[in-house]
Amino acid sequence: MRAHEAGALHGDLGSRGPAWLRTPEDVNALVPQLWARTVTRADDGALTVGGRSVRDLAAEYGTPAYVLDEADLRARCRDFAAAFAGADVYYAGKSFLCKAVVRIVAQEGLFLDVCTGGELAVALAAGFPPERLGLHGNNKSVAELTRALDAGVGRIVLDSFHEIDRLTALARERGVRPAVLIRVTVGVEAHTHEFIATAHEDQKFGFSLAGGAAFEAAVRVLDEGVLDLRGLHSHIGSQIFDTSGFEVAARRVLELQAQIRDARGVELEELDLGGGFGIAYTTQDDPSPASDLAKRINKIVESECELAGLRVPKLSVEPGRAIVGPAVFTLYEVGTVKDVDGIRTYVSVDGGMSDNIRTALYDASYSATVAGRVSAAEPLLARVVGKHCESGDILVKDEFLPADVQPGDLLAVPGTGAYCRSMASNYNHVPRPPVIAVRDGESRVIVRRETEADLLSLDVG
């Protein structure tokens with residue numbers, strides 16, 4: 001490893017790559033855990049999804065484009081619903097939200113969590129049952145809380161003392177009794193990136209357990225008697241593969257629940273343990289099936305309840321990216337291929353950090369494959385980059401592509417369903433890509449491509 005003034009992304013030797021990345025025997029082969037379930041490589045060498053060739057999708061809709069395997073998304077919804085039977089399974093609206101996905105989530109029987117007035121607006125516009133909505137967020141405005149009360153949102157997750165006072169006043173004015181959970185910061189550091197670990201003490205979410213704020217919040221809600229305190233909420237982070245963190249979190253939250261029972265004679269009915277289950281972005285990732293996660297987490301809750309002398313509460317989980325993340329890949333067209341003095345080969349595509357900021361923001365790793373054909377060329381270690389005026393505009397830091405990769409090739413990056421379209425921007429005034437849903441040989445636009453006219457419509461001069 002050599003130091004580089006532009007940072008670690010530029011410092012590794014291009015001829016070697018990370019230790020976990022192995023030279024493939026067949027550069028055309030698809031690694032199954034990285035791709036949505038209906039993605040295959042057809043006899044002509046092109047990837048197909050839901051029975052449609054990416055060549056046809058590119059010709060009809062253009063590139064870049066997010067391609068959603070609808071059958072895969074529905075199957076993952078059903079997998080989690082079946083695995084956590086009897087629990088409320090919440091789809092993470094922040095991962096990717098549009099009206100078509102809201103309707104799919106509703107049809108498959110899941111709940112939906114939203115974090116802002118905008119996400120709530122999309123859910124309501126799509127006709128999602130409000131009693132199956134949960135409202136999160138560390139700084140909910142009066143307008144957002146008012147809209148949630150008026151819509152009849154099923155659960156509001158309280159995040160601060162100011163919010164308790166704010167919601168109590170609004171509920172009293174309206175003569176309603178909304179069901180609430182208290183978000184508890186349990187002091188468990190998830191083994192994930194600093195920016196997506198959410199249960200250690202030094203961060204913005206929730207009431208501290210160690211400092212006594214969580215107990216004080218519960219007592220305040222119970223003593224006020226306006227809000228209907230149903231239970232406690234904990235979320236230790238995102239892209240989590242190891243359930244041991246949930247064991248510690250459950251123990252600490254349930255100890256708090258026992259403390260509330262002993263102090264106020266109220267045994268809370270519900271427990272939301274969050275989730276944030278990991279997915280495979282590269283061959284180094286090994287996610288567990290929903291059924292295995294459910295078995296482990298249910299066992300943890302039952303064991304910890306027995307130790308604390310509590311009844312097993314109604315459980316809620318939030319799988320996060322694990323539902324929509326693997327169901328989408330992003331389809332690009334290669335524009336240039338550049339060998340830089342034998343140090344590294346850069347493959348530039350027609351998108352970039354405006355449609356996937358995660359590599360730059362989280363140092364996230366992705367995979368890629370040439371999608372429109374097969375190649376007999378030797379594997380070439382390359383870096384896939386975007387078209388933006390930033391040296392950090394990197395989509396895939398290291399990947400083996402065929403050595404004859406060339407302008408005009410289609411390139412597919414799997415695992416882009418979560419947070420890519422949600423965090424997309426118009427950096428360099430690049431319009432955001434469309435989302436194309438494919439199922440049973442049919443495709444449809446569920447989020448249209450932005451145009452330059454859209455960008456100019458906001459510019460009032």
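Residues numbered from 1 in each chain as written. Predicted model: local features only at pLDDT ≥ 70, side-chain atom pairs only at ≥ 80, totals over all residues. Heavy atoms only, no water.

1. Observations regarding the overall build of the protein
The condition is simple: A run of H or I in DSSP becomes a helix once it reaches four residues, and a run of E becomes a strand once it reaches two; helices and strands are each numbered from the N terminus. For this measure, only C-alpha atoms enter the radius of gyration; the expected value for a globule follows 2.2 Å times N^0.38, where N is the number of residues. Only protein chains enter the accessibility calculation, which uses a 1.4 Å probe; a residue is then buried when its area is under 20% of its type maximum, exposed when over 50%, and partly exposed in between. Note on definitions: a residue-residue contact is assigned when non-hydrogen atoms from the two residues lie within 4.5 Å. Using a 1.4 Å probe, the Shrake-Rupley method yields the accessible areas, and only the shown protein chains count as cover for residues. Neither His nor the chain termini are counted; the positive set is Lys and Arg, and the negative set is Asp and Glu. Just so you know, the charge point we use is NZ for Lys, CZ for Arg, CG for Asp and CD for Glu.
If you tally the helices and strands in the protein, you get 12 helices and 21 strands. The globule rule puts the C-alpha radius of gyration for 461 residues at 23 Å, and the 23 Å found for the protein is close to it. The principal-axis extent of the C-alpha atoms belonging to the protein is close to 70 × 50 × 45 Å. By residue count, 56% of the 461 residues in the protein fall in the buried class. Of all intrachain contacts in the protein linking residues separated by at least 6 positions in sequence, the fraction that spans at least 24 positions is 70%. With an accessible surface of roughly 19,200 Å², the protein has 49% of that area assigned to carbon and sulfur atoms. If the 48 positive side-chain charges of the protein are averaged to one point and the 65 negative ones to another, these points end up 3 Å apart.

2. Overview of the pattern of salt bridges
Stated precisely, the cut-off is as follows: Salt bridge, as applied in this entry: a Lys or Arg side-chain nitrogen positioned within 4 Å of an Asp or Glu carboxyl oxygen.
This structure, assessed with the given rule, holds 32 salt bridges. Linking Arg344 and Asp398 is a salt bridge whose minimum nitrogen-to-oxygen distance equals 3.6 Å. Note that Arg344 is positioned in strand β15 (residues 344-349) and Asp398 in strand β18 (residues 394-402), a separation of 54 residues in sequence. Across this residue pair, the class does not change: Arg344 and Asp398 are buried.

3. Observations regarding the side chain of Thr416
Here Thr416 shows up in the loop between β19 (410-414) and β20 (435-439). When its relative accessible area of 2% is taken as the criterion, Thr416 is described as buried. Those residues in contact with Thr416, other than ones at most four positions away along the chain, are Tyr66, Gly325, Val328, Phe329, Thr330, Asn356 and Tyr366.

4. A short note on the packing of aromatic side chains
The condition is simple: Between 30 and 60 degrees the pair is tilted, below 30 it is stacked and above 60 it is edge-to-face, where a pair is any two Phe, Tyr or Trp rings, Trp via its six-membered ring, whose centres lie within 6.5 Å.
Under the criterion given, the structure shown has seven aromatic pairs. An aromatic cluster is defined as three or more aromatic residues linked by ring pairs; in this entry it consists of Phe80, Phe84, Phe246 and Phe277.

5. Quick word on the pairing of strand β5 (residues 88-92)
In plain terms, the rule: A pair of strands is labelled paired if DSSP reports no fewer than 2 bridges between them. When the strands point away from the viewer and the path from the first strand over the helix to the second turns clockwise, the crossover is right-handed.
Across the five residues of β5, five count as buried, placing the element largely inside the fold. Of the two faces of β5, the one holding Asp88, Tyr90 and Ala92 and the one holding Val89 and Tyr91 are both buried throughout. As paired strands, β5 and strand β6 (residues 111-114) are joined by three bridges and run parallel to one another. The partner of Tyr90 across the bridge, within β6, is Phe111. The β-α-β motif built from β5, the intervening helix α3 (residues 99-107) and the parallel element β6 has right-handed crossover chirality.

6. Here's the deal with the sheet that holds strand β3 (residues 52-53)
Ordered by their spatial adjacency, three strands build an open sheet running β1-β2-β3, and the pairing between neighbours is antiparallel. Among the strands making up the open sheet, the edge pair consists of β1 (40-41) and β3. With two bridges connecting them, strand β2 (residues 47-49) and β3 associate as antiparallel partners. If you follow Val49 over to β3, its bridge partner there is Arg52.

7. A short note on the environment of Leu458
Looking at where Leu458 falls in the secondary structure, it is placed in the segment after α12 (452-457). A sequence separation of 432 residues divides Leu458 from Asp26, and the C-alpha atoms of the two residues are 48 Å apart.

8. Structural notes on the nonpolar core
Stated precisely, the cut-off is as follows: We define the nonpolar core as a collection of buried residues of types Ala, Val, Leu, Ile, Met, Phe, Trp, Tyr and Cys that are connected through side-chain atoms lying within 4.5 Å of one another.
Grouped together as the largest cluster of nonpolar side chains are 107 residues, with contacts concentrated most on Tyr91 and Ile182. Per element, the largest residue contribution to this core is eight residues, and it comes from helix α8 (residues 244-264). Contact partners of Ile182, with chain neighbours within four places excluded, come to Leu158, Phe207, Ala217, Ala218, Val221, Leu229, Gly231, Leu232 and His233.

9. Things to note about the packing of helix α6 (residues 161-174) against helix α7 (residues 213-224)
The condition that has to hold: Fitted lines through C-alpha atoms give the axes, limited to the stretch in contact for helices. The angle between two N-to-C directions lies from 0 to 180 degrees. Comment on the angle field: the value is read as roughly parallel under 35 degrees, roughly antiparallel over 145, roughly perpendicular from 65 to 115, and oblique elsewhere. Each crossing gets its hand from how the near helix is turned against the far one by less than a right angle, where anticlockwise is left-handed and clockwise is right-handed.
Direction vectors running N to C along α6 and α7 enclose 15°, while the axes themselves pass 11 Å from each other. Judged by the inter-axis angle, α6 sits roughly parallel to α7. Judged by the sense of rotation from one axis to the other, the crossing of α6 with α7 is right-handed. Of the residues in α7, those touching α6 at Phe161, Ile164, Asp165, Thr168 and Arg172 are Ala213, Glu216, Ala217, Arg220, Val221 and Glu224.

10. Describing the confidence of the model for the protein
Heads up, the rule is: One number per residue, pLDDT, summarises how confident the predictor is, and it ranges from 0 to 100.
Taken residue by residue, the protein gives an average pLDDT of 93. The fraction at 70 or more is 94%. Scored below 50 in pLDDT, residues 1-14 shows 23 contacts in the model against residues more than four places distant or in partner chains. pLDDT under 50 marks residues 192-200. Its contacts with residues more than four places away, or in other chains, come to 32 contacts.

11. Re the packing of helix α5 (residues 142-151) against α6
The test is simple: Residue polarity is assigned by list, with Asp, Glu, Lys and Arg as charged and Ala, Val, Leu, Ile, Met, Phe, Trp, Tyr, Cys and Pro as nonpolar; anything else, Gly included, falls into the polar class.
Interaxial distance between α5 and α6 falls to 10 Å at its minimum, and their mutual angle equals 45°. One way to sum up the angle between α5 and α6 is to call them oblique. The crossing of α5 and α6 is right-handed. Residues Val142, Leu145, Thr146, Leu149 and Asp150 of α5 form the contact with α6, whose own contacting residues are Glu163, Arg166, Leu167, Leu170, Ala171 and Arg174. Grouping the constituent residues of the contact of α5 with α6 by class yields six nonpolar, one polar and four charged.

12. Re unusual backbone geometry
The omega angle of the peptide bond from Thr63 to Pro64 is -5°, so this bond is cis rather than trans. Mapped onto the elements of the fold, Pro64 is located in the loop between α1 (54-61) and β4 (65-69).

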